[in-house]
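These are the residues of each chain, in order.
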Amino acid sequence: MAADKVDPIHQFQLHPIIPIHIGGLDLSFTNSGLFMAVVVIVASAFLYFATSNRALIPSRLQSLAEMAYEFIAKMLRDSAGTQGMKFFPLVFSLFMFVLVANLLGLFPYFFTVTSHIIVTFALAILVIGTVIVYGFMKHGFKFLKLFVPHGIPMVLLPLVVAIEIISFLSRPISLSVRLFANMLAGHITLKVFSGFVVSLSAFGFVGVAGAVLPLAMAVALTALEFLVAFLQAYVFAVLTCMYLNDALHPGH
Amino acid sequence: MTGVGTAFKVSSEFIAGIAVGVGIGWVIDRWAGTSPWGLIVFLMLGFGAAVLNVLRSVGRVAEFGQGGKPPPDSGQ
């Protein structure tokens, strides 16, 4: 147990809380699942209480919810046009989920849901799946024009189309890797510097005096992590809007 | 955006392109038994896609399907 205190990876371990095994599959309810549920409850409760006492002059909570709405609505309108507003529930839910998950992860002893690539990958696949399904539904085979840039010589066409398709398929990976890597790296750095504080302070007075430096670093990193938590939720939402724009207007 | 944010953005775009290229090549090799040619060809294409992703994410190449000129607010 002593090694766990300074092990920076230990915080990402999954523990089954309610073990469920069906047909050889491990479907246990883990700490990750618990925190996903907590994230959904916190996000829903925030929006519920923020909008339950609606007033013309908004309270602080209400103006926060209105800001979140305006923020995402403007982002979606700017990048995908007014037609994009039909995807508002999707983008807003994704943004709130990622934001609340990132912010909750910053509490000590809390599990960061978005630090596992499978979670972020599932979110990214949801986005790309929506783009592909909606794109084909709306435009049929014209959706494939997305992969053919204008004014390409016929000789280069097969090569360019192959590269464009790989580039398109790499989107869910880059979307998920970015969010996951940011959260993972941030939490590991934070844990390493906090670990320095603990280990250094074991060396008497000089150690405690020296531990001030990593402590200051940990404080600064915590502030940075709050910024990153917001920024990554923002980036995720912006890219979702951009990809949805491709589904709405391919090859314009 | 912070410096580390840009670094993560660009590197994830690059890694994703190569990863998809390698993935497609590997699957084709497995199915068609053409090892190692599928991997070689799709690694190259994946590399191309990775560079395209990076250039697109910093706004130096036009977005999907737009061809010709890069977006007006490029080259910050």
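Treat the numbers as computed from the prediction; the structure is a model and nothing was measured.

With that settled, the discussion passes to the packing of helix α4 (residues 117–139) of chain A against helix α7 (residues 212–248) of chain A. Residues and elements named next belong to chain A. α7 packs onto α4 with a crossing angle of 20° between their chain directions and a minimal axis gap of 8 Å. Compared by their axis directions, α4 and α7 come out roughly parallel. Considering only the axes of α4 and α7, their crossing is right-handed. On α7, the residues touching Leu123, Ala124, Val127, Ile128, Thr130, Val131, Tyr134, Gly135, Lys138 and His139 of α4 are Phe236, Thr240, Tyr243, Leu244, Ala247 and Leu248. Across the contact of α4 with α7, the residue classes tally to 11 nonpolar, four polar and one charged.

Here we take up the pattern of salt bridges. Should their charged atoms come close, side chains of opposite charge can pair. The final tally for this structure, using the stated rule, is four salt bridges over all chains. When the shortest N-O distance is used, the salt bridge between A:Asp78 and A:Lys74 registers 3.0 Å. Within this pair, A:Asp78 and its partner A:Lys74 are both found in helix α2 (residues 60–80), separated by four residues, close to a single helical turn. This pair shows no difference in class: A:Asp78 is exposed, exactly as A:Lys74 is. Residue A:Arg178 pairs with B:Glu13 through a salt bridge whose shortest N-O separation is 3.0 Å. With A:Arg178 in helix α5 (residues 157–200) and B:Glu13 in helix α1 (residues 3–32), this residue pair bridges two chains. For the pair A:Arg178 and B:Glu13, one class covers both residues: buried.

Mean pLDDT over chain B stands at 82; residues scoring 70 or higher make up 79%. The model gives residues 67–71 of chain B a pLDDT under 50, and that stretch makes 11 contacts with residues more than four places away or in other chains.

All right, on to the interface of chain B and chain A then. Facing 24 residues of chain B, the contacting portion of chain A comprises 29 residues. Carbon and sulfur atoms make up 71% of the surface buried where chain B meets chain A, a total of about 2300 Å² over both sides. Applying the counting rule to chain B against chain A returns two salt bridges. Two residues, A:Glu164 and B:Arg56, come together in a salt bridge whose shortest N-O distance is 3.0 Å. Along the contact surface separating chain B from chain A lie five residue pairs in polar contact (both at pLDDT 80 or more). When residues of the side of chain B that touches chain A are traced back to their parent elements, those giving at least two are α1 and α2 (37–57) of chain B. Per element, the largest residue contribution to the side of chain B that touches chain A is nine residues, and it comes from α1(B). Of the residues in the side of chain B that touches chain A, the class split is 10 nonpolar, 10 polar and four charged.

Conventions we followed
Residues numbered from 1 in each chain as written. Chains lettered and ligands numbered in written order. Predicted model: local features only at pLDDT ≥ 70, side-chain atom pairs only at ≥ 80, totals over all residues. Heavy atoms only, no water. Axes fitted to C-alpha atoms, helices over the stretch in contact; angles between N-to-C directions. Helix = DSSP H or I, 4+ residues; strand = E, 2+ residues; numbered from the N terminus. Parallel < 35°, antiparallel > 145°, perpendicular 65-115°, else oblique. Left-handed = near helix turned anticlockwise from the far one by under 90°. Contact = heavy atoms within 4.5 Å. Nonpolar A, V, L, I, M, F, W, Y, C, P; charged D, E, K, R; others polar. Salt bridge = Lys/Arg side-chain N within 4 Å of Asp/Glu carboxyl O. Buried < 20%, exposed > 50% of the residue type's maximum accessible area, 1.4 Å probe, protein only. pLDDT = per-residue confidence, 0-100. Buried area = accessible area lost by both parts, 1.4 Å probe. Polar contact = N/O pair within 3.5 Å; in protein donor to acceptor, adjacent residues only side chain to side chain.

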